[in-house]
Amino acid sequence: MNKTTIVKKLFFVMCFFVLFLNQNLKAQIVIGAPNIGFSQACANESFNTFNVTFVFSPEAGLSPTNQFNIELSDADGSFASPTVVFTSAAGSVTTSPATLSFSLPTETSGELYRLRIKSTAPVATSSGSPTFAAYYKIQDTPFSINNLISTAAYCAGGSYVLTIDNPGTGMNDSPLNYPNLTFKWYRETGPTTSVFVADGESLTVNTPGTYFVETDYGTCTSDSFSNRVTVTESSSGSTSEIISSLGNPFCPSGGPTTLTTTTGNSYQWYLDGQAISGATNQSINAVLSGTYSVSIDLGSCSTSASIDLVSEGFVSSINVDEVNTMEPGDLLYVEVTTTASNPEFQWYLNETIIPGETGNTYDATEFGNYKVIISQTTGCVVSKEFLFVIEEPIDPFPNVADIPNLISPNGDGVNDTWIIPNEYVSGTNTQVIIMDAYGKVSLNTTDYQNNWPENEIDFKSVNPVYYYVITTSDNKTKKGSITLIK
């Protein structure tokens, strides 16, 4: 083999090696550690998007089919079994630096998570990011404990158990519905400070104080916390608290307010010192102002509580009776007085609004059924109404020609009493005697007012019969019977 041939072969081998090395270099990239730009990833149903930025080199080293994956470590920062939280579309990321977005899995919960970036073509993996707290707050709304009752008591030497309500009251979204959640209990040490007490779904309290519980989302802040409950130590004769659901004073337009006291074994409620019949539960509904109190049996001791309940309603009065009479052409002056704040008045006749009548007085000139509504328009918006009737007076001595022998005393206003001719009634000195079928005198008068029977008749028989004797001042006599029907 001559020297020229050997040189040619060496040149060919060297070119092949250089080409192979160049291709191999193009198939490698380096990915820098991801820059997460946050120290906490606190997600919930309405927010779960986070960004991560990373660099890689060389850009030319990427295959057109490359995809970048964002991998999330476990809660201890280990990538032994990572979770892919984002995968880019093939060939969509070609320039460095790159920013991608990801979302947390719903089971994420811990303080030491890390992220890393991994490419597929060529295969390369970055180092892990700094650790960060990450939580998906699957329950992120306030919830209730102790059935929303803000007070509790235990006997000296005993304890009281606070529990998370499930399902709770009203719109309460109990965190107990989410099995993977854990909880931390706290006791208040000041208006804005508290101290950790214990973990768990319930707390046994044997130290007086105000307690609450939060869902454990680590260093992430959340709205998953409970109401406060003040727990006291009681002895016989001690006092507890009553809570009014509508506040105190309360607005009666919202319906009755619910009064609730601390949890006990049995209860008896009182209003202004008088026991309320049947009021033996932890709560009662109240519509009246007054002093409400309750005695509570706690087991080995008893306690009591009271509240001076005030209604934001108003007091009103009207100067006429429910039923009034008026001669045709006369006028009845009606006046309403009220303690309502900024009151408004509306008057009605036979359920029809009387136009233009919006004051607290009215001159009534017609017969009919009247109504006035008083409305308080400031603060507690509430109204009250008065009903009254104006009737034409009934003539007690109408001019009738004959003595009736049939009446129907059933209260319907028609033929209810025995009406006789005017020559025998009051002012004529006529004696009127009425007896039952056994001779017992029911009426004996010389001043008959057309008003018999004044009392209710006992219809022992179907249609009882009475007998009358009318004797005039000149000794003329009329006799007969009166049959009563219902």
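Residues numbered from 1 in each chain as written. Predicted model: local features only at pLDDT ≥ 70, side-chain atom pairs only at ≥ 80, totals over all residues. Heavy atoms only, no water.

Sheet topology places strand β30 (residues 343–349) next to strand β33 (residues 368–376); seven bridges connect them, and they run antiparallel. Paired with Y348 across the bridge in β33 is K371. Both β30 and strand β31 (residues 352–353) contribute to a ladder of two bridges, which runs antiparallel. Within the sheet, the bridge partner assigned to Y348 lies in β31 and is I353. Turn length for the β30-β31 hairpin, with the two strands adjacent in sequence and antiparallel, is two residues, and the turn residue N350 shows positive phi of about 55 degrees. (Pairing = 2+ DSSP bridges. Helix = DSSP H or I, 4+ residues; strand = E, 2+ residues; numbered from the N terminus.)

Glancing now at the side chain of N44. Counting through the fold element by element, N44 comes out in the loop between β2 (40–43) and β3 (50–54). For N44, a relative accessible area of 14% translates into the label buried. Of note is the side chain of N44, whose polar atom sits 3.1 Å from the backbone nitrogen of S46. Within the structure, N44 has its side chain in polar contact with the side chain of D140 (distance 3.0 Å). (Buried < 20%, exposed > 50% of the residue type's maximum accessible area, 1.4 Å probe, protein only. Polar contact = N/O pair within 3.5 Å; in protein donor to acceptor, adjacent residues only side chain to side chain.)

Time to look at the sheet that holds strand β10 (residues 123–125). Pairing is antiparallel in the open sheet, where four strands are placed in the order β6-β5-β9-β10. Edge positions in the sheet fall to β6 (83–87) and β10, since each has one partner strand and no second. For this sheet, the mean angle separating the axes of adjacent strands, direction not counted, is 25 degrees. Bridge analysis of strand β9 (residues 115–120) against β10 gives three bridges, and the strand direction is antiparallel. The partner of T120 across the bridge, within β10, is V123. (Axes fitted to C-alpha atoms, helices over the stretch in contact; angles between N-to-C directions.)

This brings us to the sheet that holds strand β8 (residues 109–113). Here three strands make up an open sheet; going across it, the order is β2-β11-β8 and the pairing mixed. Sheet topology places β2 and β8 at the edges, where each strand pairs with a single neighbour. Across the sheet, the mean angle from the axis of one strand to that of its neighbour is 15 degrees, orientation sign disregarded. In the sheet, β8 pairs with strand β11 (residues 132–136) via three bridges, with the strands oriented antiparallel. Bridge assignment links Y113 to a residue of β11, and that residue is F132.

To describe a pair of aromatic rings, one takes the distance between the centres and the angle between the planes. Applying the stated criterion across every chain, the model contains 17 aromatic pairs. A ring pair is formed by F38 and F50, whose centres lie 5.8 Å apart and whose planes are at 50 degrees; its orientation type is tilted. Of the two residues, F38 is situated in the loop between β1 (30–31) and β2 and F50 in strand β3; the sequence distance between them amounts to twelve residues. As far as burial versus exposure is concerned, F38 and F50 are alike and both buried. Grouped by ring-pair contacts, the aromatic residues F38, F47, F50, F102 and F132 constitute a single cluster. For K371, the ring lying beneath its charged end belongs to Y348, and the centroid distance is 4.7 Å. (Phe/Tyr/Trp six-rings, centres within 6.5 Å; stacked < 30°, edge-to-face > 60°. Lys NZ or Arg CZ within 6 Å of the ring centre and 35° of its normal.)

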